[in-house]
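So you can see what is in the structure, the chains are spelled out below.
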Amino acid sequence: MAVLNVNIDHIATVRQARHADEPDPVWAAAECELAGANGITTHLRQDRRHINDRDVQVLKETIVSKFNLEMSMEEEIVRIAEGIEPQQVTLVPEKRAELTTEGGLDCVSCGARLKEVVRRMHARGILVSAFIVPEKEQIAAAARFGCDAIELHTGQYANAKTEKDIYQHLKWLEAGRDLGIKKGMIVHAGHGLTYRNIGPIAAMEDLSELNIGHSIIARSMFVGIREATIEMIRLIDKFGKH
Ligand code: PXP
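A quick note: this is a predicted structure, and the numbers were derived from the prediction, not measured.

*Asks:* What is the right way to look at the overall build of the protein in this model?
*Replies:* The helix and strand inventory of the protein stands at eleven helices and eight strands. On C-alpha atoms alone, the protein measures out to a radius of gyration of 17 Å, which is about the 18 Å that the 2.2 N^0.38 rule sets for 242 residues. For the C-alpha atoms alone, the extent of the protein along its principal axes is close to 45 × 40 × 30 Å. Counted over contacts in the protein with a minimum sequence separation of 6, partners at least 24 positions apart contribute 68%. About 11400 Å² of surface is accessible on the protein, with carbon and sulfur atoms providing 53% of the total.

*Asks:* Sorry, what's going on with the sheet that holds strand β5 (residues 127-132) here?
*Replies:* Hydrogen bonds between backbone groups are what pair the strands of a sheet, and the pairing can be parallel or antiparallel. Read around the barrel, eight strands follow the order β1-β2-β3-β4-β5-β6-β7-β8 and close on themselves; strand pairing throughout is parallel. On average, each strand axis in the sheet is tilted by 25 degrees relative to the strand beside it, whichever way the strands run. Both strand β6 (residues 149-153) and strand β7 (residues 186-190) contribute to a ladder of five bridges, which runs parallel. By the bridge assignment, Ala-149 is partnered in β7 with Ile-186.

*Asks:* So what exactly am I meant to see when it comes to the packing of aromatic side chains here?
*Replies:* Note on aromatic pairs: each is described by the distance of the centres and the angle between the planes. Throughout the structure, instances matching the rule amount to zero aromatic pairs. One cation-aromatic arrangement involves Arg-219 over Tyr-195; the distance from NZ or CZ to the ring centre is 4.5 Å.

*Asks:* Teacher, can you tell me more about unusual backbone geometry here?
*Replies:* Both trends apply: most residues other than glycine have a negative phi, and most peptide bonds are in trans. Between Glu-22 and the following residue, Pro-23, the backbone shows a cis peptide bond with an omega angle of 0 degrees. Examined against the element boundaries, Pro-23 turns out to sit in the loop between α1 (9-17) and α2 (25-34). Unlike most non-glycine residues, Glu-85 shows phi in positive territory, near 55 degrees. Within the element layout of this structure, Glu-85 appears in the loop between α4 (75-84) and β4 (88-91). A residue is classified by how much of its surface remains accessible, and Glu-85, at 35% relative accessible area, is partly exposed. Positive phi, normally seen in glycine, also occurs at Asp-206, with a value near 70 degrees. Within the secondary structure layout, Asp-206 lies in the loop between α9 (198-202) and β8 (209-212). Judged by its relative accessible area of 53%, Asp-206 falls in the exposed class.

*Asks:* Please explain helix α6 (residues 136-144) as it appears in this structure.
*Replies:* Residues of α6 that are buried: Gln-138, Ile-139, Ala-140, Ala-141 and Ala-142. Along its buried surface, α6 packs onto β5, β6 and α8 (163-182). Looking one or two residues past α6, Gly-146 carries a phi angle of roughly 100 degrees, positive in sign.

*Asks:* Teacher, can you tell me more about the layout of surface pockets here?
*Replies:* Leftover empty space is mapped by rolling, across the atoms, a probe with the size of a water molecule. There is about 190 Å³ of room inside the second largest pocket. Around the second largest pocket, the lining residues are His-10, Ile-11, Val-14, Pro-23, Asp-24, Trp-27, Ala-28, Glu-31, Ile-217, Ser-220, Met-221 and Ile-225. Secondary-structure elements contributing two or more residues to the lining of the second largest pocket are α1, α2 and α10 (214-223). Of the residues in the lining of the second largest pocket, the class split is eight nonpolar, two polar and two charged.

*Asks:* When you look at the nonpolar core in this model, what are you seeing that I'm missing?
*Replies:* Soluble globular proteins tend to pack their nonpolar side chains together in the buried interior. In this structure, Met-71 and Ile-201 are the most contacted members of the largest nonpolar core, which totals 71 residues. Ranked by the residues each element gives to this core, the list is headed by helix α11 (residues 225-240), at six residues. In contact with Met-71, other than residues within four places in its own chain, are His-43, Ile-77, Val-78, Ala-81, Val-89, Thr-90, Leu-91, Val-92, Val-117 and Met-121.

Criteria and thresholds
- Residues numbered from 1 in each chain as written.
- Predicted model: local features only at pLDDT ≥ 70, side-chain atom pairs only at ≥ 80, totals over all residues.
- Heavy atoms only, no water.
- Helix = DSSP H or I, 4+ residues; strand = E, 2+ residues; numbered from the N terminus.
- Rg over C-alpha atoms; globule rule 2.2 N^0.38 Å.
- Contact = heavy atoms within 4.5 Å.
- Areas by Shrake-Rupley, 256 points an atom, 1.4 Å probe, with all protein chains shown as cover.
- Pairing = 2+ DSSP bridges.
- Axes fitted to C-alpha atoms, helices over the stretch in contact; angles between N-to-C directions.
- Phe/Tyr/Trp six-rings, centres within 6.5 Å; stacked < 30°, edge-to-face > 60°.
- Lys NZ or Arg CZ within 6 Å of the ring centre and 35° of its normal.
- Buried < 20%, exposed > 50% of the residue type's maximum accessible area, 1.4 Å probe, protein only.
- 1 Å grid on protein atoms, 1.4 Å probe; cavity = no way out; pocket = protein on both sides within 12 Å on 5 of 7 lines; lining within 4 Å.
- Points joined across faces, edges and corners; volume = space filled by probe spheres on them.
- Nonpolar A, V, L, I, M, F, W, Y, C, P; charged D, E, K, R; others polar.
- Core = buried A, V, L, I, M, F, W, Y, C linked by side-chain atoms within 4.5 Å.

Keep in mind that these numbers describe shape and distance, not what the molecule does.
Okay, structure coming up:
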């Protein structure tokens, strides 16, 4: 059964709306941990639009669960990861104008850089996950260049409108999971997952971690982040029991 990493970026998004010092992502991380989250995920973007350098430093010192740092493969950010040493990095593509991470990392075309980043992370004992769409070539490239894990992009599943479309995306994700496991990698999933669409993903066997942000942070405005996290874990557990 999969476990939950809460992506707390949007706590920092609210803080940055006023360039203030609250709400504090470090406090949010502790609340998620008290709710039973497996880990905390944050994306240190090059434009620092939400999480900043100090956040990742303090989070590294205070997180008692798993710290999963999402990041691009830009040299500046890679060096920060080497200094911070989170337990895991999830490599993502990054575009300046995007609202959130769009598409997956192209492991085929950035192979040489991927191999180099994997080597540098492994030198510090950091697990490497690549955020990819479940295409065979991408999965094979992630394995070839040494990734320990892949995070399957669930965005298209989340956006699917018809039952047929939803079914097809689930089958595609399942095939990606199977190939990832066959290639010896751990398989995670995330993006666009909500309290409403989590069921079939939580029910999918052999997914290790689910990374969920926006939906949990949105709900937390009404019920608090500890309760919002508990509710998501409850759903994952309920659908994940076979
Ligand atoms: N996984 C990855 C790699 C992401 O980039 C994001 C968004 O930051 C998420 C998961 C979480 O997506 P959402 O906020 O839609 O739950």
